[in-house]
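# Structural characterization, general
Here are the chains, one letter per residue:
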Amino acid sequence: MATDLHRTTRARVAWYALLTALAGVVLFPAYMTLVRALSQPREYVLAGQPPWPVSPEWDVFARAFTEGDMGRKFLVSAVVTGCIVAGQLLTATLAAYAFTFLRFPLRRTLFVVFMATLMLPIEVTLIPNVETVRSLGWLNSYPGLVGPFLATAFGTFLLRQGFRGIPRDLLDASQLDGFGHLAFLRRVAIPVTRPVVASFAVIAFLAAWNQYTWPRAVVTEGRWETVQIGLKSVAVETVDRSNIAFAAAILAAVPILLLLIFLQRHLVRGLTTGAVKG
Amino acid sequence: MTRRTREALLAYAMLLPSLVIFAWFFFYPLYRLVEMGLHQKNRAGTAERWVGWSQFSDVLGGDEFREGVRITGTYVLYTVPLGLVLGVLLAVAANRRLKGIKVFQAIFSSTIATSVAVASVIFFVLLNPQVGYFSSVEWFSLSDPDTALRGVALSSVWQNLGLTFVIVLAGLQAVPEEVDEAATLDGYGPVRRFFRVTLPMISPTLLFLVVVLVIFALQAFAQSDILTGGGPLGSTETLVWKIFNSQQPLDQGVGAVMAVGLFAITLVVSLAQFLILERRVHYGN
């Protein structure tokens, strides 16, 4: 595209200048948060809030763990995310397999029932779901945090698309060899669609780790706070401790940042599913 | 037992775990919402009385819900068009064969790493009325009821930028190069080529993004919860904020009706999403 623009060095320099300016705008908000996390809070304000750190305190990230209890929050978030990803992988794989390879009465109807849940986000069902969790005594507990997310229509849909690419002959052949459906699922279907499964797992991780509204509704005790809802403390923190709240926000993004760096291919494929043809 | 029966039983067994969760946390709550909407509880939540469908018409036609719809609708208007334009701008800028372009692409997609809560804290740094870096900019000041929602919306625009960029870039890269070359040979300049050739070719991608961004905006809660607490003067109380804060027994009926209202709005948008998704998949085959 626009090869004519590249012909001259001047045009290329101008393009790099544009890209650099845009990169500056995109990075600026996160950069300022890093500056404020590192700066000694009072001296930073006294220095007139410059766009660079004032009397940097490099131990602020460690203090987020000792004083901000980030360790406990990371544990809660990790367990919740792990259970949701594992649970969704299990339920969605089984359901997607049934919808793809098995014949049974009401198949179409049940698929519509699955897809209908896409129209019931947790924001809509919040009040009755909190009531359910409360009546079970599950406020401030892992079952309460995880329960509503153990099944997923989106994941079922995604995996079904993957399974559909498997030739039916493979199933027939494996059945001639005496393998049942579960063996075919484990030994053929999942290994063959590994890229789809990986993309789904990465997206499920992202969504589970970043959740806010639901944990905020079913957690009332500090020790059950996830990393995300713990960030609300920034609004009530005194100026002297505000740097710890800012550091916590940066730490909260680290797991997803690692995901972005090491599993970029899967993440991008998962995010762009449905958006681009092919 | 015939083979056919066995296959059907296996299928139901495989669907059962999902169906249990869906019945328990998706469909039963929908039923409960209607039931709650027909009743009113006392302050302690120990007793409730039937108030009937009048509560639905009162709430859905009342000021509180209308204000929530207005604020959420404004939020959609603030975040979706601006986010889309910026995302396209970044994607077009980074869709070049230049040395080091991967670095810029990584930077432009970096906000994917932030959650709504993280982005809200980051914009707390920029916009907080007491200590924010841009607290003196009046156009998106969080301390003025007329402008606070703009500030809150900016955090969403920034947070969604990475996702928008990645999706638009994927769309641009799916445009065959011959199409651009042909347009160039036909004497189209870069600007005309973009509006007459590139933009129409990626319009399905943009449509998909509009739906996704609208749904995000409809669900906005953490932004107000962290940045403004719904204020000043309730000016950033989105629909979900109002629902979330209607959980006390006395407000529960009203909150349930507002949730039904949000459901109706989500239904329309989700249907659009599903139709687009089906069409995409259909074309993909």
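Numbering of residues begins from 1 in every chain and follows the order in which that chain's sequence is written. Chains carry letters and ligands carry numbers; both start at the beginning, A for chains and 1 for ligands, and go up in the order they are written. Only residues with pLDDT of at least 70 are given local features in this predicted model, and only at 80 or more are side-chain atom pairs given and counted; all residues enter the totals for whole chains, interfaces and linings.

## Quick word on the overall build of chain B
The following threshold applies: What counts as a helix is a DSSP run of H or I of at least four residues, what counts as a strand is a run of E of at least two, and both are numbered from the N terminus. C-alpha atoms define the radius of gyration, and 2.2 Å times the number of residues to the power 0.38 defines the globule rule. Throughout, a pair of residues is in contact if the C-beta atoms placed from their backbones lie within 7 Å.
Within chain B, the secondary structure is distributed over twelve helices and two strands. For a compact globule of 285 residues, the expected C-alpha radius of gyration is about 19 Å, and chain B comes in at 24 Å, more than 25% above that figure. Counting only C-alpha atoms and orienting by the principal axes, one finds that chain B spans roughly 75 × 75 × 30 Å. If you take every contact in chain B between residues at least 6 apart in sequence, the share linking residues at least 24 apart comes to 67%.

## Section: the overall build of chain A
We count it as follows: Using C-beta atoms placed from the backbone, we call a residue buried if 20 or more other C-beta atoms fall within 10 Å of its own, exposed if 12 or fewer do, and partly exposed for counts in between.
A tally of regular secondary structure across chain A gives 16 helices and zero strands. Among the 278 residues that make up chain A, the fraction classed as buried is 46%. A separation threshold of at least 6 residues defines the contact pool for chain A, and within that pool the share at least 24 residues apart is 72%.

## Some thoughts on the nonpolar core
Convention followed: What makes a nonpolar core is a set of buried Ala, Val, Leu, Ile, Met, Phe, Trp, Tyr and Cys residues, with links drawn between C-beta atoms within 7 Å. Here the bounds of each domain stem from an automatic or database domain assignment.
If you look at the biggest cluster of nonpolar residues, it comprises 153 residues, and the most contacted ones within it are A:Leu231, A:Ala248, A:Ala249 and B:Val121. At 14 residues, the largest contribution of residues to this core is made by helix H6 (residues 148-173) of chain B. Each of domain 1 (3-58) and domain 2 (69-272) of chain A accounts for three or more of the residues forming this core. Ignoring sequence-local partners within four residues, the contact set of B:Val121 consists of A:Thr33, A:Leu231, A:Val234, A:Ala245, A:Phe246, A:Ala249 and B:Ile226.

## A look at the interface of chain A and chain B
Our working definition: Note on residue classes: Ala, Val, Leu, Ile, Met, Phe, Trp, Tyr, Cys and Pro are nonpolar, Asp, Glu, Lys and Arg are charged, and everything else, Gly too, is polar.
Contact residues are listed per partner, giving 76 residues for chain A and 82 residues for chain B. Breaking the side of chain A that touches chain B down by element, the ones donating at least two residues are helix H2 (9-38), helix H5 (70-101), helix H6 (107-116), helix H7 (122-135), helix H9 (153-164), helix H13 (213-218), helix H15 (242-262) and helix H16 (264-272) of chain A. Of all the elements, H2(A) adds the most residues to the side of chain A that touches chain B, at twelve residues. Residues belonging to the side of chain A that touches chain B are distributed by class as follows: 54 nonpolar, 16 polar and six charged.

## Observations concerning the domain arrangement of chain A
Residue and element names in this part refer to chain A. With domains assigned, chain A is organised as domain 1 (3-58) and domain 2 (69-272). One C-alpha centre belongs to domain 1, the other to domain 2; they are set 35 Å apart. Going through the elements one at a time, H2 and helix H3 (41-46) are the ones with two or more residues in the side of domain 1 that touches domain 2. For the side of domain 1 that touches domain 2, the element with the highest residue contribution is H2, accounting for four residues.

## With respect to H2(A)
To be explicit about the condition: To obtain the bend at a residue, axes are fitted to the seven residues ending there and to the seven starting there, and the angle between these axes is taken.
Along its length, H2(A) reaches its greatest deviation from straightness, about 45°, at A:Phe28, and the proline A:Pro29 lies no more than four positions downstream. Buried residues of H2(A): A:Leu19, A:Val26, A:Pro29, A:Ala30, A:Met32, A:Thr33, A:Val35, A:Arg36, A:Ala37 and A:Leu38, and no others.

## Description of the packing of helix H7 (residues 177-185) of chain B against helix H8 (residues 190-201) of chain B
All names here are of chain B. The condition is simple: Axes here mean lines fitted to C-alpha atoms, for a helix over just the part in contact, with angles spanning 0 to 180 degrees between N-to-C directions. Relative orientations are named as follows: roughly parallel for angles under 35 degrees, roughly antiparallel for angles over 145 degrees, roughly perpendicular for angles from 65 to 115 degrees, and oblique for any other angle. Handedness of a crossing is defined here by the sense of rotation of the near helix relative to the far one, left-handed for an anticlockwise turn of less than a right angle and right-handed for a clockwise turn.
Two elements in contact, H7 and H8, have axes separated by 11 Å at closest approach and are oriented at 160°. Classed by the angle they form, the pair H7 and H8 counts as roughly antiparallel. Crossing geometry of H7 relative to H8 is assigned as right-handed. Across the interface between the two elements, Val179, Asp180, Ala183 and Thr184 from H7 touch Arg193, Val197 and Met201 from H8. Looking at the contact of H7 with H8 residue by residue, the class counts come to four nonpolar, one polar and two charged.

## Some points on the packing of H7(A) against helix H1 (residues 3-37) of chain B
Interaxial distance between H7(A) and H1(B) falls to 8 Å at its minimum, and their mutual angle equals 95°. With respect to H1(B), the element H7(A) is oriented roughly perpendicular. Between H7(A), through A:Thr125, A:Ile127, A:Pro128, A:Asn129 and A:Glu131, and H1(B), the contact on the second element is made entirely by B:Phe25, B:Phe26, B:Pro29, B:Leu30, B:Arg32, B:Leu33 and B:Met36. Among the residues making up the contact of H7(A) with H1(B), the classes are represented as eight nonpolar, two polar and two charged.

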